Amino acid sequence: MTAIDRILFGDNQFFGVNHMSEEKARAQQMRFRDTEAIISVLDRAYDRGIRSFMCTTHDEIGKIADYVAANPTKYEGFKFLPGMPYAHKYANMVGEMGMVDTLKALTPGGLVDAMVRGAKSTVTRDLNELMTMLVDAEMARFSQVDTPVVFLQNVVADMVLGLRSYDLLGAFAEHVKSQFGAEAGFFTMNMPLMVDALHSVGIEEPIVCCNYNKIGFRMSGGIEAYDRALAEKPMRCIAMSVLASGAIPPAEALEWVCERPGIESIVFGASSDANIASTVGLINDFDQRRLTPA
Amino acid sequence: MYRIGLVGVGKMGVSHLAIAQAHPKLDCVAVCDSQAFVLAGIRSQLGLETYRSFETMIAEANLDGVIISTPTSSHVTLAKQALVAGLAVFVEKPLTLSAADSQELAAIAAEHNLANQVGYHNRFIGTFRETQRLVEAGAIGEVHHIDGRAFGQVITQPQGGGRTWRAKKAEGGGCLHDYACHVIDLMNFVAGTPSEITGARLGQVHSTAVEDTVYALFNYPNGAVGTLETNWSDEAYRKMTTSVTVYGTHGKIFADRQECRLFLKPGHSFEKFDSGWNIRYITELQEPVSFYLRGEEYSAQLDHFAEALAGNPSPEAGTFATAADADWVVEQIAAVHASGPAPVATGAPATVEPPTKDQLVAAAKHYGAQAVGSAKALANAVGTKLKGLRS
Ligand SMILES: NC(=O)c1ccc[n+]([C@@H]2O[C@H](COP(=O)([O-])OP(=O)(O)OC[C@H]3O[C@@H](n4cnc5c(N)ncnc54)[C@H](O)[C@@H]3O)[C@@H](O)[C@H]2O)c1
């Protein structure tokens, strides 16, 4: 089993994603217009001891992967934990081009043509092949860096969960293992359900990344259901949105999450050295306090 | 458990299907689509009953209700068939392409006392709900101006929407029917239906057969003014961004997906809010849902459909009647535009040839996606390289 670092660094702050305010999101996007600005923040995080970058497969991240690969000594031990797909681009394509042309555009080799013509007996196989091809395409930009865990984004993972097509989750896990020697991870907004689904396809201790915050924001089923699942079901849980997009003050938010021993890792995003340092410091302090007998 | 049939498994339909299947009171047991390969996928992956014919589905599947998420031009026929068969109906927005058709559907649903709802999901977003509540409760006094906006990148290239229904006026394509209707319904939700459309212009950015922008001016019965601005070819927005601002004699309210900001003029207060800015965020205003996909509002609206099936509809949800009001505004905007100077041609759809392989590859690149082609070989090469790197 791959060890996952206690603290992971996220990338929302670089791409104009802010669940609380469009204005903040825009301001951040302006700041991180170029790759260099992102790299300089990553360097601060590295200096503070962070070794894992949980990222999307945004084009910009490809450039960062190239840079890290080109500077192996500077980034000793640095890992990428990519989450795919970068869903907006596919959603935009489907909206503008339609489902069929989108699939054809993605697979000009003719796979989809064959599917649309209706070789029905092979639909499941074709879908699996399509999935693996899309994964491989998104992974291509990480070919020179270490990627111990590869995540499926929640838009897709939770869609598949809702559809109860759990086999596809299993197929994803098998593929990233066989093709990239990586463990599969799953983003989800429905953690208790997701863990059950993953168990049902034979993933015994699934890696799941879900919201975990004191106000229960986007924790479907509620905090109690999450705590119960965490206590009772084997999983490796990464907490995200710990600050609930800023709705909870950092110290209070981190203390609350650090009190949950079942949570293996915490992912956070920050753009300034001061915020990186204080978040890392707080997590370390709270962890220390929990581990030190009173 | 209510037995649901879903027709139209496209972008929106698949999302409804996933949410319905995760819902404790809804069970989607049958699916209808006009494309065989879609149905083959549904059968093999999900094991659901599939139908090419909607009529056969409602005749055979023993349903309580249907979800209609086909392109808009087909809504009226499908909804009518379902209502006549005595089924509850959830239809994607806009309800139909004609206010008269929508009113007729509303009348049939009312006559047979059937649950009916339209997928105007903004009504289920906490910030917009709070705005509606505050306006209705008189927090900002008498309303004199309502401003609704939406921007996003739906059509981003010449011939965008090329071969899809979105580029065809007759099928419900264009920014007015597909995009602006969301804002119109939201404005109606918050401030009531306008009495008159006094000005309207449709414009084009990329499209040739439909409009990409909609601007309009409304009058309300109390003399208030409405302004509408929508543009679905604005690449500055990562995804659809909708907002509404309401101005009243005591203050104003701005709301988008993330926040609800109430400003009260000096000397005014309301409930716990004092004069000046009172800003609250979605984290505080959104009711949680039992299953989350893409946003609470999509689950919340199907939750409501289940409640409506049980005989407990809520007044805030969009019904056929409120959707008919939105369709009336849409229709008026089109008419006012057409009566203005040099209307943009929005008639015959451009005939678009199927794209060549090169065009498709270029298109994928335009969106920042990579074509994977027959590149099993490429994938294998990448994988081998990685394994080498790791060992
Ligand atoms: N609420 C929202 O935010 C939102 C977003 C997107 C679309 N929509 C609405 O949803 C509807 C569908 O849009 P979409 O983007 O999902 O379209 P789409 O083109 O992705 O999917 C439409 C599906 O319907 C099928 N279909 C077409 N005509 C049919 C018929 N007569 N019988 C059975 N199946 C048929 C097609 O094969 C396709 O699978 C539209 O009314 C649109 O306005 C709403």
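Residues numbered from 1 in each chain as written. Chains lettered and ligands numbered in written order. Predicted model: local features only at pLDDT ≥ 70, side-chain atom pairs only at ≥ 80, totals over all residues. Heavy atoms only, no water.

Caption draft 1: Seen up close, the overall build of chain A. Assigned secondary structure in chain A consists of 13 helices and 8 strands. When each of the 294 residues of chain A is scored for burial, the buried share is 59%. Partitioning the contacts of chain A with sequence separation of at least 6, the portion at a separation of at least 24 is 74%. Only carbon and sulfur atoms are counted for the fraction: they give 53% of the accessible area of chain A, which is about 11,500 Å². (Helix = DSSP H or I, 4+ residues; strand = E, 2+ residues; numbered from the N terminus. Buried < 20%, exposed > 50% of the residue type's maximum accessible area, 1.4 Å probe, protein only. Contact = heavy atoms within 4.5 Å. Areas by Shrake-Rupley, 256 points an atom, 1.4 Å probe, with all protein chains shown as cover.)

Caption draft 2: Expanded view of the pattern of salt bridges. For the structure on display, the rule yields 29 salt bridges over all chains. Note that A:D287 is salt-bridged to A:R290, the shortest N-O span being 3.8 Å. Here the residue A:D287 and the residue A:R290 both occupy positions in helix α13 (residues 273-291), the gap between them amounting to 3 residues, near one helical turn. B:D178 is the partner of B:K93 in a salt bridge, and the nearest nitrogen-oxygen pair spans 3.1 Å. Here B:D178 lies in helix α7 (residues 175-191) and B:K93 lies in the loop between β5 (88-91) and α5 (99-111), a separation of 85 residues in the sequence. One network of salt bridges, with partners in common, ties together A:R218, B:R257, B:E296 and B:E297. (Salt bridge = Lys/Arg side-chain N within 4 Å of Asp/Glu carboxyl O.)

Caption draft 3: Inspection of the domain arrangement of chain B at higher detail. Residues and elements named next belong to chain B. When the domains of chain B are assigned, the result is domain 1 (2-121) and domain 2 (122-287 + 319-339). One C-alpha centre belongs to domain 1, the other to domain 2, and the line joining them spans 26 Å. Across the boundary between the two partners, domain 1 contributes 24 residues, which contact 23 residues of domain 2. In total, about 2,000 Å² of surface goes out of reach between domain 1 and domain 2, with carbon and sulfur atoms giving 62% of it. Linking domain 1 with domain 2 are 1 salt bridge, by the criterion used here. In this assembly, domain 1 and domain 2 are joined by 10 residue pairs in polar contact (both at pLDDT 80 or more). Ranked by residues supplied to the side of domain 1 that touches domain 2, first place goes to α5 with 6 residues. (Domains from an automatic or database assignment. Buried area = accessible area lost by both parts, 1.4 Å probe. Polar contact = N/O pair within 3.5 Å; in protein donor to acceptor, adjacent residues only side chain to side chain.)

Caption draft 4: Representation of helix α12 (residues 250-258) of chain A within the structure. Looking only at α12(A), the buried set comprises A:A253, A:L254, A:W256, A:V257 and A:C258. On the buried face of α12(A), the contacting elements are α11 (223-232), β7 (236-240), β8 (263-268) and α13 of chain A.

Caption draft 5: Molecular detail of the environment of B:K168. Residue and element names in this part refer to chain B. Here K168 is to be found in the loop between β7 (143-151) and α7. Judged by relative accessible area, which is 23%, K168 ranks as partly exposed. Distance from K168 to A209, taken between C-alpha atoms, is 6.6 Å for residues 41 residues apart in sequence.

Caption draft 6: Focus on the pairing of strand β2 (residues 26-32) of chain B. Residues and elements named next belong to chain B. For β2, the tally of buried residues reaches 6 of 7 residues, placing the bulk of the element in the interior. Note that strand β1 (residues 2-7) and β2 share 6 bridges and pair parallel. In the strand pairing of β2, G5 is matched with A30. Each parallel crossover has a hand, and the one from β1 via helix α1 (residues 11-21) to β2 is right-handed. Taking the sense of rotation as the criterion, the β-α-β connection linking β2, helix α2 (residues 36-46) and strand β3 (residues 49-51) turns out right-handed. (Pairing = 2+ DSSP bridges. Right-handed = clockwise from strand over helix to strand, strands pointing away.)

Caption draft 7: Layout of the site of the ligand. Residue and element names in this part refer to chain B. By nearness alone, 23 residues border the ligand, and K11, M12, D33, K93 and R166 come closest of all. In this structure, an oxygen atom belonging to the ligand sits 2.9 Å away from a main-chain N or O atom of M12. In this structure, T70 approaches the ligand through a main-chain N or O atom, which is 3.3 Å from an oxygen atom. Of the residues contributing to the shell around the ligand, the split by class is 6 nonpolar, 11 polar and 6 charged. Here the shell around the ligand gathers at least three residues from each of two domains, domain 1 (2-121) and domain 2 (122-287 + 319-339). (Near = heavy atom within 4 Å. Nonpolar A, V, L, I, M, F, W, Y, C, P; charged D, E, K, R; others polar.)

Caption draft 8: Structural context of the sheet that holds β1(B). All names here are of chain B. With parallel pairing, 6 strands are arranged side by side in an open sheet as β3-β2-β1-β4-β5-β6. Strands with a single pairing partner mark the edges of an open sheet, and in this sheet they are β3 and β6 (116-118). With strand direction ignored, the average angle separating the axes of adjacent strands in the sheet is 25°. Running over the sheet, helix α9 (residues 296-309) touches β1, β2, β4 (65-68), β5 and β6 and is turned about 160° from β5. (Axes fitted to C-alpha atoms, helices over the stretch in contact; angles between N-to-C directions.)

Caption draft 9: Local environment of the packing of aromatic side chains. Residues and elements named next belong to chain A. Counted according to the given criterion, the structure contains 21 aromatic pairs over all chains. Ring centres of F53 and F78 lie 6.5 Å apart, and the angle between their planes is 35°; on these two criteria the pair is classed as tilted. Within this pair, whereas F53 is found in strand β2 (residues 52-55), its partner F78 is found in the loop between α3 (59-70) and β3 (79-84), the two being separated by 25 residues in sequence. F78 matches F53 in its accessibility class, with the two residues each being buried. Here the aromatic cluster, defined as three or more aromatic residues joined through ring pairs, consists of F9, F14, Y46, F53, Y67, Y75, F78, F80, F142 and F268. (Phe/Tyr/Trp six-rings, centres within 6.5 Å; stacked < 30°, edge-to-face > 60°.)

Caption draft 10: Seen up close, helix α9 (residues 166-180) of chain A. Residue and element names in this part refer to chain A. Between the first and last C-alpha of α9 there are 21 Å, a value that for 15 residues agrees with the 21 Å anticipated at 1.5 Å per step. Among all positions of α9, only L169, G170, A171, F172, A173, H175, V176, Q179 and F180 are buried. Positive backbone phi, approximately 60°, marks G181, located one or two places after α9. (Expected span 1.5 Å × (residues − 1).)

Caption draft 11: Summary view of the pairing of strand β12 (residues 251-255) of chain B. Residues and elements named next belong to chain B. Where burial is concerned, most of β12 is hidden: 4 out of the 5 residues are buried. Where strand β11 (residues 241-248) meets β12, 4 bridges bridge the pair, whose relative direction is antiparallel. Bridge pairing in β12 places V244 opposite A255. Linking β11 to β12, which pair antiparallel, is a turn of 2 residues. Between β12 and strand β13 (residues 259-264), which pair antiparallel one after the other, the connecting turn spans 3 residues.

Caption draft 12: The packing of helix α7 (residues 123-139) of chain A against α2(B), seen in detail. At a minimum axis distance of 9 Å, the contact between α7(A) and α2(B) shows a crossing angle of 90°. If you check the angle between α7(A) and α2(B), you find them roughly perpendicular. The residues of α2(B) that touch α7(A), namely those facing A:V123, A:T124 and A:L127, are B:A40, B:G41, B:S44 and B:Q45. In the contact of α7(A) with α2(B), the residues fall into 3 nonpolar, 4 polar and no charged. (Parallel < 35°, antiparallel > 145°, perpendicular 65-115°, else oblique.)

Caption draft 13: Quick look at the nonpolar core. Of all hydrophobic cores here, the largest spans 182 residues; its most connected members are A:F9, A:F80, A:F172, A:Y212, B:F320 and B:I333. With 11 residues, the top contributor of residues to this core is α7(B). Each of domain 1 (2-121) and domain 2 (122-287 + 319-339) of chain B gives at least three residues to this core. Residues A:I4, A:L8, A:V149 and A:M189 belong to the second largest nonpolar core, which totals 18 residues. (Core = buried A, V, L, I, M, F, W, Y, C linked by side-chain atoms within 4.5 Å.)

Caption draft 14: The arrangement of the sheet that holds strand β9 (residues 213-219) of chain B in detail. Residues and elements named next belong to chain B. Ordered in space as β8-β9-β10-β7-β11-β12-β13-β14, the 8 strands form an open sheet in which the pairing is mixed. Of all strands in the sheet, those bounded by a partner on one side alone are β8 (196-203) and β14 (276-281). Averaged over neighbouring strand pairs, the angle between their axes works out to 10° when direction is ignored. Taken together, the 8 bridges between β7 and β11 define a ladder with antiparallel strand orientation. Its bridge partner being in β11, G148 is matched across the sheet by V244. Where helix α10 (residues 320-338) meets the sheet, it contacts β8, β9 and β10 (225-231), and its direction lies at approximately 70° from that of β8.

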